[in-house]
Amino acid sequence: MTTFTFLFSSCSTKEKKRFVIGVSQCSEDVWREKLNEELRIAALYYNNVKLDIKSANDDVKMQTQQIDAFVNEDVDLLIVAPGQVSISPAIDRAYEKGIPVIIFDRRTRSDKYTAYIGADNRKIGSDMGRFLASAGVSDVVELCGLSSSSPAIERADGFESIANGQNKINLVKKLYADWTEKGAYHVVDSMLSATPPHFTCIFAHNDRMAVGARKACQKHGLDISRIRFCGIDAMPEEGGGMQLISEGKLFASYTYPTRGDEVMQLAMNILTGKKYERENLLASALVTHENASVLLMQYDETVRQQSRLATLRSRVDKAASDFQTQRVYLIILVSFLILLIVACALAVNAYRTKALINRKLKEAVKRQEQLTKEIEDMTQRRLQFFTNVSHELRTPLTLIAGPTEQLLEDPTVKAPHRSMLEMIHRNTHLLLQLVGEILDLRKVQTNKAELHLNRFDLQKALTLWSEDFRTIAVRRKLTINVETSAAGEEPIIIADRDKISHIYFNLMSNALKYTPEGGRITTSLEYADHHQGERHGKGCGEGRTAASLREILSGSRRRRRHGHRPFARQGVRRAA
């Protein structure tokens, strides 16, 4: 069992803590879809991470509710791209509850966050200003994002710091939209519908708004080939800013990196207690017609590599799943083998125990057989002894019986000598019968003894048998009576006369033994019902219990007479 426990302990690996990361996106666009996909791909490298991504569709109230919901769900970490700086209170509540918060892409007006990661929007704005100045752009319309969003504020500050310091750039108009193509289209359309300023460039704070501004200019019949449209993001996807630059629809853009892998790495460093930086600025670069094609090729290669990595990841996941399945099968197989070994060990132990018990039983049976043999030998020796003694007794008894019968045949012998001779003859005959029974003891033990039935008068037999004890009774001053009046007519029975006489003689011997001098012994014969006769013996002497009666009748007890109690009654009952 120790091996079994060790096996399961070694096979079972300690499971890592599973982290739940909530992601709150302020809106849905190509840039954020790319970020979300990068986050999902990066999460694949961590088997213990669950991502829950939600978008607020530029609705501050909805994003507040989503952040509060993440807090109530007790997520392990929160990644927030704030739509506007007014979202700060919701982020503060999460931070104050102890949930690590990563601010991404945009900032809030509060410093209650764990870490920030994103591009330097002021640097992006200033770099774009330097590029336009070096390109000879003079009159510029700046199309900003929401006035309450940090990227719009920082990009405008960076661009205007260059425009105000460069005599070549004239900021002729500053417009605000909602970061969408449609919103930018309406704002520029409204400007062109009124008295439009003279401009040769529109700098939009993202590529979508630059596309919307271009469409508005086309609507109003402006020569868009003479107007330079610039943006920020330079997304390499289909319809993104990088492709538009390559096609000549945009003059320039600035990469605004998503880097979902770095965001995920920062989150895991925070969750696992590793070292991390609170402020993390992502590198970005200017994209023009000269480098757009190269960057697109690099992006295509990156997409292919990511696809191959995703394929490899799926294969690894399948292999890991197969490994886990095989591992479970192996554990089950090893467990079965261990159970089989334990069962075999128990079976062997049971076999040995059974063999030991059988050996002990055989020894006990052997001892029992030996003891039985010894008892049989002893019994045979006893029987042989009794047989020898019986043979020795039969000879003198025969010698006594012969002269007694001759004297009884002599008519000159008169009473009372004749009665005494008859008593001697009866008792001699009884002794001869007893000796014969001893000799037939083997037949009794083998259930081969025979019952010799006789039809005789029980009343006359009792009267005759009682006379044999009268001489002894007279000497001990005892009175012997035989009452047969209750029996009615002659009680003729069919029984073994010799065995009945033995029973009667045994009873009378005990009665004479335990009846005090001057006492009386009465034998009464009567009918109990139509099918059974009863014989009662009564005497004066000690009362006997049932146990003592059994001892007396079995001959296994010899009792000396002690002082006698007053008259007590003893009865012995036999059915005939």
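Scroll up to find the structure this text is about.
## Comments concerning the overall build of the chain
In step 1: Along its length, the chain carries 17 helices and 18 strands.
In step 2: Put simply, the chain has 576 residues, and 40% of those count as buried.
In step 3: Nonlocal contacts in the chain, meaning residues at least 24 apart in sequence, comprise 73% of its contacts between residues at least 6 apart.
In step 4: Total accessible area on the chain is roughly 33700 Å²; 55% of this is exposed by carbon and sulfur atoms.

## Side note on the sheet that holds strand 7 (residues 170-176)
In step 1: Across the sheet, which stays open at both edges, the four strands sit in the order 7-6-8-9 with parallel pairing between neighbours. Among the strands making up the open sheet, the edge pair consists of strand 7 and strand 9 (228-230). Sheet twist, expressed as the average angle between the axes of neighbouring strands with direction ignored, equals 15°.
In step 2: Here strand 6 (residues 139-144) pairs with strand 7 via six bridges, running parallel. Along strand 7, the bridge assignment pairs D139 with N170.
In step 3: Helix 8 (residues 207-219) contacts strand 6, strand 8 (201-204) and strand 9 of the sheet and is inclined by roughly 155° relative to strand 9.

## A word on the sheet that holds strand 11 (residues 279-282)
In step 1: Reading across the sheet, the six strands line up as 2-1-3-4-5-11 and stay open at both edges, with parallel pairing between neighbours. Each edge of the sheet is formed by a strand with only one pairing partner; in this case those strands are strand 2 (49-55) and strand 11. Neighbouring strand axes in the sheet, compared pairwise and without regard to direction, differ in orientation by 15° on average.
In step 2: By the bridge criterion, seven bridges tie strand 1 (residues 19-25) to strand 2 in an arrangement that is parallel. Bridging from a neighbouring strand, V20 pairs with K50 of strand 2.
In step 3: Docked against the sheet, helix 4 (residues 88-96) engages strand 3 (77-80) and strand 4 (101-104), running at close to 150° with respect to strand 4.

## Topic: unusual backbone geometry
In step 1: At D58, a position not held by glycine, the phi torsion is positive, near 60°.
In step 2: As for its placement among the helices and strands, D58 is situated in the loop between strand 2 and helix 3 (60-72).

## Here's the deal with the pattern of salt bridges
A pair can form between side chains of opposite charge whenever their charged atoms are brought close.
In step 1: Tallied over the entire structure, the rule returns 23 salt bridges.
In step 2: Where R32 meets D105, a salt bridge forms, and the shortest distance between an N and an O atom there is 2.6 Å. Placement of R32 in helix 2 (residues 30-43) and of D105 in the loop between strand 4 and strand 5 (115-119) is noted, with a sequence separation of 73 residues between them.
In step 3: Using a relative accessible area of 3% as the deciding quantity, one classes R32 as buried.
In step 4: A salt bridge links K318 to D322; its shortest N-O distance comes to 3.2 Å. Linking K318 with D322, this pair stays in helix 11 (residues 289-409), spanning four residues, or about one helical turn.
In step 5: Overlapping salt bridges bring together D29, R32, D105, R106 and R208 as one network.

## Structural notes on helix 16 (residues 497-514)
The α-helix winds at 3.6 residues per turn, so residues separated by three or four positions along the chain end up facing the same way.
In step 1: In this model, helix 16 (18 residues) spans 26 Å end to end at C-alpha, consistent with the 26 Å of a helix rising 1.5 Å per residue.
In step 2: Every buried residue belonging to helix 16 is among I500, S501, H502, Y504, F505, L507, M508, N510, A511, L512 and Y514, and all of these are buried.

## Considerations on the packing of helix 3 against helix 4
The geometry of a pair of packed helices is captured by two quantities: the angle between their axes and the separation between those axes.
In step 1: Close contact between helix 3 and helix 4 brings their axes to 9 Å; oriented N to C, the two are set at 5°. The angle between helix 3 and helix 4 falls in the class roughly parallel. Contact with helix 3, carried on its side by T64, I67, D68 and V71, involves A90, I91, R93 and A94 of helix 4 and no other residues of that element.

## Some details on a nonpolar patch on the surface
In step 1: Taken together, the side chains of L330, L333, F336, L337 and L340 define a hydrophobic patch exposed on the protein surface, amounting to about 480 Å² of accessible area.
In step 2: The topology assignment puts L330 in helix 11.

## Notes on the nonpolar core
In step 1: Counting residues in hydrophobic clusters, the biggest one holds 42 residues, and the most contacted among them are I21 and L132.
In step 2: By residue number, the principal contributor to this core is helix 10 (residues 260-271), which donates seven residues.
In step 3: Aside from chain neighbours lying at most four places away, what touches L132 is V137, F159, I169, C201, F203, C230 and F251.

## Section: the packing of aromatic side chains
In step 1: Counting across every chain of the model gives six aromatic pairs.
In step 2: Judged by centre distance (5.9 Å) and plane angle (35°), the ring pair of W465 and Y504 falls under tilted. Of this pair, W465 sits in helix 14 (residues 458-467) while Y504 sits in helix 16, and the two are 39 residues apart along the sequence. Per residue, the accessibility class of W465 equals that of Y504, and both read buried.
In step 3: Every member of this aromatic cluster is reached through a ring pair, and the members are W31, F104 and Y256.
In step 4: Between R106 and the ring centre of W179, over which it is positioned, the NZ or CZ distance is 5.1 Å.
In step 5: Between R155 and the ring centre of Y256, over which it is positioned, the NZ or CZ distance is 4.6 Å.

## Let's talk about helix 5 (residues 121-134)
In step 1: If you check helix 5, its first and last C-alpha atoms are 20 Å apart, about what 14 residues at 1.5 Å a residue would give, namely 20 Å.
In step 2: Of all 14 residues making up helix 5, ten are buried, and the element is well covered by its neighbours.
In step 3: All of the buried residues in helix 5 are N121, I124, G125, S126, D127, M128, G129, F131, L132 and A133.
In step 4: On the buried face of helix 5, the contacting elements are strand 5, helix 6 (150-163), strand 8, strand 9, strand 10 (253-254) and strand 12 (286-287).
In step 5: Two or three places before R122, at the start of helix 5, stands the capping residue D120, its side-chain oxygen 3.4 Å from that residue's backbone nitrogen.
In step 6: At the C-terminal side of helix 5, G136 shows a positive phi close to 80°.

## Remarks on the packing of helix 2 against helix 10
In step 1: Viewed as axis vectors pointing N to C, helix 2 and helix 10 meet at an angle of 50°, and their least axial separation amounts to 7 Å. The angle between the axes of helix 2 and helix 10 places the two elements in the oblique class. Of the two possible hands of crossing, helix 2 and helix 10 adopt the one that is right-handed. In this structure, helix 2 uses L35, E38, L39, A42 and A43 to contact helix 10, whose residues at the interface are G260, D261, V263 and M264.
In step 2: In terms of residue class, the contact of helix 2 with helix 10 is built from six nonpolar, one polar and two charged.

Analysis parameters
Residues numbered from 1 in each chain as written. Predicted model: local features only at pLDDT ≥ 70, side-chain atom pairs only at ≥ 80, totals over all residues. Heavy atoms only, no water. Helix = DSSP H or I, 4+ residues; strand = E, 2+ residues; numbered from the N terminus. Buried < 20%, exposed > 50% of the residue type's maximum accessible area, 1.4 Å probe, protein only. Contact = heavy atoms within 4.5 Å. Areas by Shrake-Rupley, 256 points an atom, 1.4 Å probe, with all protein chains shown as cover. Pairing = 2+ DSSP bridges. Axes fitted to C-alpha atoms, helices over the stretch in contact; angles between N-to-C directions. Salt bridge = Lys/Arg side-chain N within 4 Å of Asp/Glu carboxyl O. Expected span 1.5 Å × (residues − 1). Parallel < 35°, antiparallel > 145°, perpendicular 65-115°, else oblique. Patch = residues over 30% accessible without salt bridge, like charges linked within 9 Å, V, L, I, M, F, W, Y side chains within 5 Å. Core = buried A, V, L, I, M, F, W, Y, C linked by side-chain atoms within 4.5 Å. Phe/Tyr/Trp six-rings, centres within 6.5 Å; stacked < 30°, edge-to-face > 60°. Lys NZ or Arg CZ within 6 Å of the ring centre and 35° of its normal. Polar contact = N/O pair within 3.5 Å; in protein donor to acceptor, adjacent residues only side chain to side chain. Left-handed = near helix turned anticlockwise from the far one by under 90°. Nonpolar A, V, L, I, M, F, W, Y, C, P; charged D, E, K, R; others polar.

Interpretation note: all reported values are geometric properties and have no functional meaning in isolation.
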